Structure formats: C-alpha cells, structure tokens
Amino acid sequence: MEIPYERHGGTYSYRTRADEQTLNDEIIAQNLELTSLSQQNLELRSDNAHLVQRWLDKMNLTADEMNVEFEKENAEVKRKEGEGDFQKGGKEKEKR
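Residues numbered from 1 in each chain as written. Predicted model: local features only at pLDDT ≥ 70, side-chain atom pairs only at ≥ 80, totals over all residues. Heavy atoms only, no water.

We now examine the overall build of the protein chain. Check the secondary structure of the protein chain and you find one helix and two strands. Counting from the amino terminus, the protein chain carries its helices and strands in the arrangement β-β-α. Considering the protein chain as a whole, with its 96 residues, one finds that 2% of them fall into the buried category. Summing over all exposed atoms, the protein chain offers an accessible surface of approximately 9400 Å²; the carbon and sulfur share of this is 53%. (Helix = DSSP H or I, 4+ residues; strand = E, 2+ residues; numbered from the N terminus. Buried < 20%, exposed > 50% of the residue type's maximum accessible area, 1.4 Å probe, protein only. Areas by Shrake-Rupley, 256 points an atom, 1.4 Å probe, with all protein chains shown as cover.)

In structure tokens form, the structure reads like this:
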C-alpha cells in the first residue's frame, strides 16, 4: 500500500515511512548518547583538574619542606664556618 505524498507529487511506501521512523529513532538515540558522553567528559575533566591540583599542592608542599630543610642545613654550615672567623666573633682556628 502506498501513501500519497503531495508535496513532491510522488508516493511513499510503508517501507519508506518505516525507514524514516527508524532513522529518526537512531538520530534521537545518538543525540542522547552524545549528551551523556558530553556530560561524562565534563565530569572527567573536572576530576582530572582536581587531581592535578591536588598533585601540584602536594609537590609544592614537598618543595617547601625541602627548602626549609635546606635552609636549616645551610644555616648550620654557615654557623660552623663562622666559628673559625675571628672577625665574625668566632674562635680563631689553629693553623696547621
């Protein structure tokens, strides 16, 4: 059985109409999947940014701790070097 199609002066068969409906259903399904994947992509980007920020914060903290330790060691070395410097108030080292 054919369905009249006046706009183009032709006819549609039931099969053509079913194919059109199937195509429309596929387009809707693909749009839903695209929307879902876009949302998932946004969530993953957000999670990634959060993880990167946490990692940067940890590395900054580690670097700060290392700098503090370095400054302590550097101050200790300077203090020990200053003990032998008579002009800086330290004891004069014996020359051998």
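Next comes the rest of the account.
Averaged over every residue, the pLDDT of the protein chain is 84; residues scoring 70 or more account for 72%. Predicted confidence in the protein chain is weakest over strand β1 (residues 2-5), with a mean pLDDT of 51, and strongest over helix α1 (residues 14-83), with 94. (pLDDT = per-residue confidence, 0-100.)

What follows is about a nonpolar patch on the surface. Together, Val52, Trp55, Leu56 and Met59 make up a nonpolar patch on the protein surface, roughly 360 Å² of accessible area in all. Residue position: tryptophan 55 is located in helix α1. (Patch = residues over 30% accessible without salt bridge, like charges linked within 9 Å, V, L, I, M, F, W, Y side chains within 5 Å. Salt bridge = Lys/Arg side-chain N within 4 Å of Asp/Glu carboxyl O.)

Moving on to the pattern of salt bridges. The final tally for this structure, using the stated rule, is one salt bridge. A salt bridge links arginine 79 to glutamate 76; its shortest N-O distance comes to 2.6 Å. Taken together, the residues span about one helical turn, with arginine 79 and glutamate 76 both in helix α1 at a distance of three residues.

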